[in-house]
4 protein chains.
Amino acid sequence: MCGIIGVTGIADAARVAYLGLYSLQHRGQESSGIVAVDGEGAARSHRGMGLVSDVFDEHVFSELPGDVAIGHSRYSTAGTSVLANAQPMLARYREGPLALAHNGNLTNAVQLRSDLVTKGSIFQSSSDSEVLVHLIARSEAREPEDQLLDALERVEGAYSLVITVGRTLYAIVDPRGFRPLVLGRLGHGWVVASETCALDIAGATLVRELEPGDFVRIHGEDVDDLPKLPAKPHRRCVFELVYFSRPDSTVFHRSVDAVRRALGRELAREQPAPGADCVFSVPDSSNAMALGFSEESGIKLEHALIRNHYVGRTFIHPAQAGRMAKVKIKFNPVREVLEGIRQHLGVESLGYLSLDGMKRAAGGNSAEFCDACFSGDYPTAIPDESKRSRNAAPLQVTMAV
Amino acid sequence: MCGIIGVTGIADAARVAYLGLYSLQHRGQESSGIVAVDGEGAARSHRGMGLVSDVFDEHVFSELPGDVAIGHSRYSTAGTSVLANAQPMLARYREGPLALAHNGNLTNAVQLRSDLVTKGSIFQSSSDSEVLVHLIARSEAREPEDQLLDALERVEGAYSLVITVGRTLYAIVDPRGFRPLVLGRLGHGWVVASETCALDIAGATLVRELEPGDFVRIHGEDVDDLPKLPAKPHRRCVFELVYFSRPDSTVFHRSVDAVRRALGRELAREQPAPGADCVFSVPDSSNAMALGFSEESGIKLEHALIRNHYVGRTFIHPAQAGRMAKVKIKFNPVREVLEGIRQHLGVESLGYLSLDGMKRAAGGNSAEFCDACFSGDYPTAIPDESKRSRNAAPLQVTMAV
Amino acid sequence: MCGIIGVTGIADAARVAYLGLYSLQHRGQESSGIVAVDGEGAARSHRGMGLVSDVFDEHVFSELPGDVAIGHSRYSTAGTSVLANAQPMLARYREGPLALAHNGNLTNAVQLRSDLVTKGSIFQSSSDSEVLVHLIARSEAREPEDQLLDALERVEGAYSLVITVGRTLYAIVDPRGFRPLVLGRLGHGWVVASETCALDIAGATLVRELEPGDFVRIHGEDVDDLPKLPAKPHRRCVFELVYFSRPDSTVFHRSVDAVRRALGRELAREQPAPGADCVFSVPDSSNAMALGFSEESGIKLEHALIRNHYVGRTFIHPAQAGRMAKVKIKFNPVREVLEGIRQHLGVESLGYLSLDGMKRAAGGNSAEFCDACFSGDYPTAIPDESKRSRNAAPLQVTMAV
Amino acid sequence: MCGIIGVTGIADAARVAYLGLYSLQHRGQESSGIVAVDGEGAARSHRGMGLVSDVFDEHVFSELPGDVAIGHSRYSTAGTSVLANAQPMLARYREGPLALAHNGNLTNAVQLRSDLVTKGSIFQSSSDSEVLVHLIARSEAREPEDQLLDALERVEGAYSLVITVGRTLYAIVDPRGFRPLVLGRLGHGWVVASETCALDIAGATLVRELEPGDFVRIHGEDVDDLPKLPAKPHRRCVFELVYFSRPDSTVFHRSVDAVRRALGRELAREQPAPGADCVFSVPDSSNAMALGFSEESGIKLEHALIRNHYVGRTFIHPAQAGRMAKVKIKFNPVREVLEGIRQHLGVESLGYLSLDGMKRAAGGNSAEFCDACFSGDYPTAIPDESKRSRNAAPLQVTMAV
């Protein structure tokens with residue numbers, strides 16, 4: 001899972017992309033990057049490991065001029081955590097600079113990559129997304145749109161994409177619609193992003209969510225809906241609503257916060273805890289669920305755990321120092337709340353929400369969801385990845401800059 | 001306001017100090033530092049601008065050996081934000097290395113500094129705390145304890161201190177007791193810290209809070225209560241309970257969380273809002289107050305604002321990008337929650353808690369509190385600082401390391 | 001012009017490559033890099049802008065394990081000075097990792113690149129050397145040697161190459177032999193380098209110079225001479241002897257120092273200066289020539305200019321400071337030497353060595369030299385590079401690591 | 001031994017100080033620093049470990065405004081190599097900012113420091129130079145000049161000093177004149193520096209060398225000779241002429257190059273080598289001596305060793321790589337030169353120049369030289385430094401900036 005954003009028609013587009021990535025940081029903390037395209041069509045890229053706020057600074061922005069930009073925050077689902085895998089991908093091909101930011105997983109990437117390598121394509125990363133870049137570059141079609149279609153016809157799996165070819169921006173959602181993508185208006189320009197919270201932070205207005213199979217071209221002021229990709233059954237990722245997306249976002253036409261509140265209510269119905277003294281959440285991911293549980297059950301809500309707001313990726317765990325409990329670094333119990341209320345805190349029972357309950361809370365037609373993470377029931381074939389070709393042997397590149 | 005910690009009798013004391021500072025980060029984000037003292041009495045210091053997690057890493061710890069350490073996280077109430085002002089202060093004087101970490105403000109520092117400079121003392125910082133170091137170094141007393149007392153007799157104002165002279169640790173609270181300081185036990189060693197949350201993170205057990213005027217010496221396993229400083233009326237900082245301290249800490253013998261809950265209940269009584277649809281907090285500082293208000297008023301609690309957990313000090317504000325609302329970088333409203341209330345969100349009325357209500361919530365004898373931040377009623381004389389001496393002219397030092 | 005090195009059969013080969021690059025630093029200061037291949041055939045790369053000693057440190061070496069390595073120091077003759085152009089190039093292709101370090105210029109690179117891009121190859125750099133990598137990857141031959149030959153048949157111009165395919169090292173000199181390459185023995189392993197000074201620093205023994213058209217394969221202990229490339233007239237770069245190479249190197253079977261001494265003697269014969277008071281060099285590049293001139297003419301040698309040994313690439317020219325002569329930053333005259341001997345130093349006459357004189361000093365058959373830098377008489381066709389294809393539009397990538 | 005420079009009356013004085021330090025880099029590579037004083041009398045400092053060109057960049061200069069500056073390049077003769085010991089020292093005292101750069105060694109610093117510490121002075125470094133700062137700050141005299149004299153009366157040993165008090169620059173040489181200091185004119189301003197090569201690089205004209213005991217005050221356009229320090233027998237450091245200073249400098253009224261040439265001639269007279277084939281130097285420190293030897297003996301000069309110009313402090317010695325000779329990293333023999341000459345290069349005899357011969361070459365009255373480095377005959381008492389006071393226990397400070 002990753003966060004992606006595209007911006008056009010706005011001066012200093014890289015700064016808007018930065019803002020958007022900042023609000024999408026929860027979707028990936030491994031690396032982030034922005035490609036900006038200037039008025040001459042020259043594309044410039046900056047990528048780095050770590051958080052958006054660590055990777056970019058004023059100097060970087062001064063090196064990323066232009067009114068077109070795309071950005072990416074990576075959460076590595078597979079492959080190594082190295083800079084080469086950071087996105088957006090940027091390559092020169094015969095149409096000029098091509099930049100691509102991808103949220104999703106391509107299930108047939110290993111086979112496609114092997115084919116491409118046999119034909120002499122040289123890969124710079126171990127990311128499945130680079131397969132798309134090579135397929136586009138090798139297409140024999142004349143128009144960029146057709147080159148993209150050639151490539152998309154070959155890939156299986158999940159992809160929400162923002163792509164620039166020269167100064168034109170494309171926004172694409174795969175036919176099953178696994179991952180969200182929204183279109184917003186900002187001044188005379190346009191913003192495409194994974195979630196509505198990225199529109200909010202930039203002051204953009206939501207125009208619409210992209211539907212599964214949507215293929216949109218944005219050039220200057222013009223937004224064109226190109227013919228949709230061939231239709232397939234929708235398979236929205238239910239985890240987007242349950243965990244990935246921010247509560248203040250609207251995803252798949254639903255308020256994420258409302259879904260999470262409903263999850264709490266469903267849990268209270270399925271797993272009532274009549275003798276309980278209070279309900280509390282592990283902040284902040286289950287705040288809304290605890291509220292829903294409390295509403296439905298009538299059991300009082302408490303804040304029993306305090307979250308340390310300075311917890312970050314650079315924390316050094318002082319293992320040598322001995323008896324310290326690891327969890328206390330992030331959370332510490334509020335003694336009085338827990339003690340008031342018995343002597344020892346312990347788990348007396350543990351209850352889960354059912355898959356059906358989850359889908360009820362998510363609302364709509366339960367068939368439209370992909371719940372493979374829970375059920376193992378994948379909507380697309382997952383090939384046996386053990387037959388890795390020779391070209392995937394470890395290859396590590398570091399750079400001093 | 002700052003966070004301080006002292007550790008003795010624990011291998012790799014610097015790591016425990018680090019953990020404690022990490023949990024006290026809310027008390028100051030400008031700079032942080034640790035001084036460690038090894039078995040030979042050699043003292044080593046590392047200080048840096050920024051968060052604890054940015055200033056320290058494994059390499060730094062390897063350079064800070066020893067079983068005695070003190071640490072400091074600075075919040076600059078006055079003076080410039082420069083490395084020279086970061087604490088702990090570390091100086092050689094005739095007893096050997098002297099390290100000092102100070103939470104509080106000395107109200108007669110300008111005059112004392114001027115006197116010392118006239119006598120040939122050379123200051124390295126613009127911090128009031130350095131005055132203490134020079135007073136100790138110039139004392140003609142024989143014993144370190146008496147040198148400290150000589151210095152403390154000269155200063156006015158607020159000071160909670162941890163000091164090392166050689167391998168001995170001193171923990172001191174001024175006679176009015178403005179700032180908290182607690183003593184805890186960890187294995188065979190001791191931990192002194194601004195708040196109990198620093199004991200919790202390190203797995204230490206609270207032994208007692210230091211009382212106003214306490215002067216404690218810790219050497220190896222031994223903790224000695226030296227004669228108390230001359231008594232003065234207590235003036236506990238009420239803001240510690242209302243805002244500064246973490247809710248999971250116990251401060252001035254009170255649960256901070258319980259005080260904040262009581263503040264919410266007091267507000268509900270003083271400023272009822274009978275027609276209100278819901279209660280919500282600006283996360284996370286007013287979470288407990290919102291809960292108290294909801295309990296007392298019976299009005300439903302909601303989570304209407306989502307906090308971005310990646311907000312940090314390095315955020316670059318993209319002013320150029322235009323119409324974006326500044327507040328949205330940190331918080332974003334959950335549209336559905338607020339829209340369920342009416343069409344437009346606006347302030348219809350604004351109600352404050354009274355000073356008396358605040359003290360009622362804080363509990364105990366209201367005379368023991370310092371409420372100067374609210375009332376302007378300072379318990380110690382504040383001298384006219386405009387008569388600055390020539391030696392305070394700007395002097396800036398940078399270093400490349 | 002660049003420096004290249006290849007190492008096999010020696011533990012920590014990257015360290016030997018580093019030493020060699022260090023002694024070849026005069027051949028290029030823009031960037032440097034090393035690729036190391038471990039016992040499993042995994043290849044790792046580290047490249048950076050600047051001097052060898054700035055780009056590598058202990059940490060980097062720990063990340064470059066293996067007994068096979070190639071290295072490169074780049075001097076940019078064309079193209080932008082960016083990290084993407086630093087070598088060695090490292091790519092995955094169907095045989096596994098391919099690494100390549102190139103000294104020379106390919107004269108038909110622009111046309112080849114344009115063809116490759118049309119076929120869907122994606123270039124990462126603007127360097128002509130990357131063309132070779134793509135040609136190898138696209139070869140349909142079965143064996144790596146044949147893939148290399150396929151590529152070499154397509155390119156025109158100058159190339160001394162060290163290449164690894166898996167754990168096999170190839171050393172190749174183009175049929176005209178523009179650039180030097182030497183083979184040395186170190187313990188049970190082998191070292192290939194641009195100049196003999198790289199063998200000396202590593203303690204390796206010179207085995208032989210590679211001749212024009214040589215194609216050598218080294219695997220483990222075995223060195224195999226593969227069939228030579230199709231013969232062409234030799235065109236050794238005379239500038240290697242006159243300026244590029246280090247005086248302590250043996251290049252094209254000649255002592256560079258002896259050639260430079262001979263240049264000085266030739267100049268003394270062609271351009272005698274009978275009234276001159278002394279001979280002096282601009283240190284250090286013309287030291288040997290001044291000695292030769294002094295020997296031949298009998299005019300006394302002096303050291304009249306002192307070189308600042310700390311001159312480096314990071315020097316900041318303080319233009320604002322005004323009247324300072326630029327040359328004095330690197331050289332300063334020794335007043336007494338120049339004043340002894342008239343009042344004002346000025347140029348009274350200026351004499352150059354003839355092209356024939358230069359070739360006489362270089363020795364051997366003058367037809368074997370390329371003197372295009374002086375005469376403009378290029379041995380290979382130089383295409384009109386102005387017809388650059390669209391894919392060479394500016395594309396800039398920076399990375400934060 | 002160190003390099004010092006002072007600049008007044010020149011816009012961007014820090015840049016001129018930088019240039020001067022750059023040309024004085026041979027006098028010390030451990031650390032360097034500059035203090036600049038602006039029109040308001042505000043002093044700013046930047047210091048760092050390493051070479052001048054590594055410590056300063058454009059950003060640093062922008063932080064060092066002002067038309068008065070002093071600079072220092074440190075070579076540590078004693079004490080630890082830590083940033084705290086880098087100069088110039090900068091302190092606030094009652095006259096305002098005081099900055100001091102010192103070339104030399106104070107022989108009674110340990111005793112003075114112990115006295116000062118007993119009186120409550122707090123030291124920041126282990127450098128003897130800081131003693132001077134404290135003595136000045138503790139002087140009860142009214143005028144800065146008298147405060148400086150108070151301090152100088154207390155110290156023994158070698159000191160060439162540049163000091164700023166507010167916007168006034170002082171240049172001082174101790175009565176024995178161990179270390180050089182020269183005064184130059186640049187536009188409407190003044191430059192004081194350790195050697196004339198620093199004047200040359202900045203385009204300044206030599207006005208005069210400071211004589212032993214000189215005490216010069218420069219303020220704006222005015223240069224005042226204050227009364228000389230009480231006279232003592234002169235003891236010029238002969239090593240300045242023999243090794244420390246740059247050949248293009250004039251030191252103690254002598255051309256350094258001429259002295260070194262004379263050293264070679266003396267050696268040829270004292271230690272003739274009648275059967276020798278050639279004379280060669282280890283570049284570059286003995287270049288002039290080899291020339292002198294060749295002149296006097298008639299034996300031919302050769303360049304037999306090639307110096308690697310990229311040798312720097314950051315070189316990583318690849319000990320693991322085995323048989324490489326250490327010396328080859330810096331020098332490599334020119335095979336042909338040495339082989340022309342017999343089969344194996346070996347030392348057949350070794351001859352030194354006598355102390356008398358050295359002084360003859362240095363010229364003038366041999367009694368005026370300090371030759372303690374050779375003879376052990378120190379002109380000032382060297383106290384027993386083993387009685388170190390407690391306050392010199394190890395104290396290490398690192399900083400993250």
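Preceding block: the structure.
The rules we used
- Residues numbered from 1 in each chain as written.
- Chains lettered and ligands numbered in written order.
- Predicted model: local features only at pLDDT ≥ 70, side-chain atom pairs only at ≥ 80, totals over all residues.
- Heavy atoms only, no water.
- Helix = DSSP H or I, 4+ residues; strand = E, 2+ residues; numbered from the N terminus.
- Buried < 20%, exposed > 50% of the residue type's maximum accessible area, 1.4 Å probe, protein only.
- Areas by Shrake-Rupley, 256 points an atom, 1.4 Å probe, with all protein chains shown as cover.
- Disulfide = S-S within 2.5 Å.
- Pairing = 2+ DSSP bridges.
- Axes fitted to C-alpha atoms, helices over the stretch in contact; angles between N-to-C directions.
- Contact = heavy atoms within 4.5 Å.
- Parallel < 35°, antiparallel > 145°, perpendicular 65-115°, else oblique.
- Left-handed = near helix turned anticlockwise from the far one by under 90°.
- Polar contact = N/O pair within 3.5 Å; in protein donor to acceptor, adjacent residues only side chain to side chain.
- Patch = residues over 30% accessible without salt bridge, like charges linked within 9 Å, V, L, I, M, F, W, Y side chains within 5 Å.
- Salt bridge = Lys/Arg side-chain N within 4 Å of Asp/Glu carboxyl O.
- Lys, Arg positive; Asp, Glu negative; His and termini not counted.
- Charge placed at Lys NZ, Arg CZ, Asp CG, Glu CD.
- Buried area = accessible area lost by both parts, 1.4 Å probe.
- Nonpolar A, V, L, I, M, F, W, Y, C, P; charged D, E, K, R; others polar.
- Phe/Tyr/Trp six-rings, centres within 6.5 Å; stacked < 30°, edge-to-face > 60°.
- Lys NZ or Arg CZ within 6 Å of the ring centre and 35° of its normal.

1. Quick look at the overall build of chain A
- Along chain A, the regular secondary structure elements total 13 helices and 20 strands.
- Counting the 401 residues in chain A, one finds 60% classified as buried.
- A total accessible area of about 15,600 Å² is found for chain A, and carbon and sulfur atoms account for 52% of it.

2. Comments concerning the state of the cysteines
- Inspection of every chain in the model, using the stated rule, returns zero disulfides over all chains.
- Summary of cysteine pairing: cysteine 370 of chain C is not part of a disulfide, and the nearest cysteine sulfur, belonging to cysteine 237 of chain C, is at 6.2 Å.

3. Overview of the sheet that holds strand S12 (residues 215-219) of chain C
Residues and elements named next belong to chain C.
- With respect to topology, six strands assemble into an open sheet ordered S5-S6-S7-S8-S12-S13, the strand pairing being antiparallel. The sheet is open, and its two borders are formed by strand S5 (89-93) and strand S13 (222-226), each paired with just one other strand. Strand-to-strand twist in this sheet, taken as the mean axis angle between neighbours without regard to direction, amounts to 20°.
- Each of S5, strand S6 (96-103) and strand S7 (160-165) touches helix H5 (residues 129-138); the most contacted strand, S6, lies at about 145° to it.
- Where helix H6 (residues 144-154) meets the sheet, its contacts fall on S5, S7, strand S8 (168-173), S12 and S13, and the angle it forms with S8 comes to roughly 30°.

4. Re unusual backbone geometry
- Cis geometry marks the peptide bond from glutamine 87 of chain A to proline 88 of chain A; its omega dihedral reads 0°.
- By the element assignment, proline 88 of chain A lies in the loop between strand S4 (68-74) and strand S5 (89-93).
- Put simply, proline 283 of chain A and aspartate 284 of chain A share a cis peptide bond, and its omega is -5°.
- With respect to the helices, strands and loops of the structure, aspartate 284 of chain A is situated in the loop between helix H9 (256-270) and helix H10 (287-297).
- Of note, aspartate 12 of chain C is a non-glycine position whose phi angle comes to about 55°, a positive value.
- Locating aspartate 12 of chain C in the fold gives a position in the loop between strand S1 (3-8) and helix H1 (13-23).

5. Observations concerning helix H12 (residues 355-362) of chain B
Residues and elements named next belong to chain B.
- All of the buried residues in H12 are Gly357, Met358, Lys359, Ala361 and Ala362.
- Taken together, the buried residues of H12 touch helix H8 (238-244), strand S16 (254-255), helix H9 (256-270), strand S19 (369-370) and helix H13 (372-375).
- Backbone geometry just after H12 places glycine 363 at a positive phi near 80°.

6. Some words on the packing of helix H4 (residues 109-118) of chain C against H5 of chain C
Residue and element names in this part refer to chain C.
- It is at 10 Å that the axes of H4 and H5 come closest, and there the two elements cross at 45°. The orientation of H4 with respect to H5, classified from their angle, is oblique. The handedness of the crossing between H4 and H5 comes out as left-handed. Facing H4, whose interface residues are Ala109, Leu112, Arg113 and Leu116, H5 presents Val131, His134, Leu135 and Arg138.

7. Overview of the side chain of serine 245 of chain C
All names here are of chain C.
- Here serine 245 shows up in the loop between helix H8 (238-244) and strand S15 (250-251).
- Classification of serine 245 as buried rests on a relative accessible area of 2%.
- For serine 245, the side chain forms a polar contact with the side chain of glutamate 240, separated by 2.8 Å.
- Among residues more than four places away in sequence, those in contact with serine 245 are His26, Arg27, Glu195, Glu240, Val251, Val256 and Arg260.

8. Let's talk about the pairing of S5 of chain A
Residues and elements named next belong to chain A.
- Counting buried residues along S5, five of its five residues qualify, which places the element largely inside the surrounding structure.
- Burial along S5 is two-sided: Met89, Ala91 and Tyr93 and Leu90 and Arg92, pointing in opposite directions, are all buried.
- Summarising the sheet, S5 and strand S6 (residues 96-103) pair through five bridges and their orientation is antiparallel. Bridge pairing in S6 places arginine 92 opposite proline 97.

9. Comments concerning the sheet that holds strand S13 (residues 222-226) of chain D
Residue and element names in this part refer to chain D.
- One open sheet accounts for six strands, arranged S5-S6-S7-S8-S12-S13; its pairing is antiparallel. Of all strands in the sheet, those with a lone pairing partner are strand S5 (89-93) and S13, marking the two edges. Shown here is a sheet whose adjacent strand axes are inclined to one another by a mean of 20°, direction ignored.
- Where strand S7 (residues 160-165) and strand S8 (residues 168-173) come together, six bridges link them in antiparallel fashion. Bridge assignment links valine 165 to a residue of S8, and that residue is threonine 168.
- Contacting S5, strand S6 (96-103) and S7, helix H5 (residues 129-138) crosses the sheet at an angle of about 145° to S6.

10. Some thoughts on a negative patch on the surface
- A surface patch of like charges, here negative, comprises Glu140, Glu143, Asp146, Asp150 and Glu153 of chain A.
- Positionally, aspartate 146 of chain A belongs in helix H6 (residues 144-154).

11. Details of helix H5 (residues 129-138) of chain B
- Of all ten residues in H5 of chain B, ten are buried; the element is thus mostly enclosed.
- Where H5 of chain B is buried, its residues touch strand S5 (89-93), strand S6 (96-103), helix H4 (109-118), helix H6 (144-154) and strand S7 (160-165) of chain B together with H5 of chain D.

12. With respect to the interface of chain B and chain A
- Contact residues are listed per partner, giving 63 residues for chain B and 63 residues for chain A.
- Buried surface at the junction of chain B and chain A, summed over both partners, amounts to about 5,500 Å²; 56% is from carbon and sulfur atoms.
- Seen at the junction of chain B and chain A, the total is two salt bridges.
- If you look at where chain B meets chain A, you find eight residue pairs in polar contact (both at pLDDT 80 or more).
- With six residues, helix H1 (residues 13-23) of chain B is the largest single contributor of residues to the side of chain B that touches chain A.
- For the side of chain B that touches chain A, a count of residues per class yields 27 nonpolar, 17 polar and 19 charged.

13. Topic: the pattern of salt bridges
- Scanning all chains against the criterion turns up 104 salt bridges over all chains.
- Taking the shortest distance from any N to any O, the salt bridge between glutamate 266 of chain A and arginine 269 of chain A comes out at 3.2 Å. Linking glutamate 266 of chain A with arginine 269 of chain A, this pair stays in helix H9, spanning three residues, or about one helical turn.
- You can call glutamate 266 of chain A buried: its relative accessible area is 8%.
- Among the charged side chains, a salt-bridge network with shared partners connects Asp257, Arg261, Arg265 and Glu295 of chain A together with Lys300 and Glu302 of chain B.

14. Considerations on the packing of aromatic side chains
Residues and elements named next belong to chain A.
- Per the counting criterion, the structure on display carries 32 aromatic pairs over all chains.
- Centre to centre, the rings of phenylalanine 239 and phenylalanine 244 are 5.3 Å apart; their planes meet at 85°, and the pair counts as edge-to-face.
- You can call phenylalanine 239 partly exposed: its relative accessible area is 21%.
- Residue phenylalanine 244 is classed as buried on the basis of its relative accessible area, which comes to 16%.
- Feature note: the residues Tyr18, Tyr22, Phe56 and Phe61 constitute an aromatic cluster, connected by ring pairs.
- The lysine or arginine in question, arginine 113, covers the ring of phenylalanine 123, its NZ or CZ lying 4.3 Å from the ring centre.

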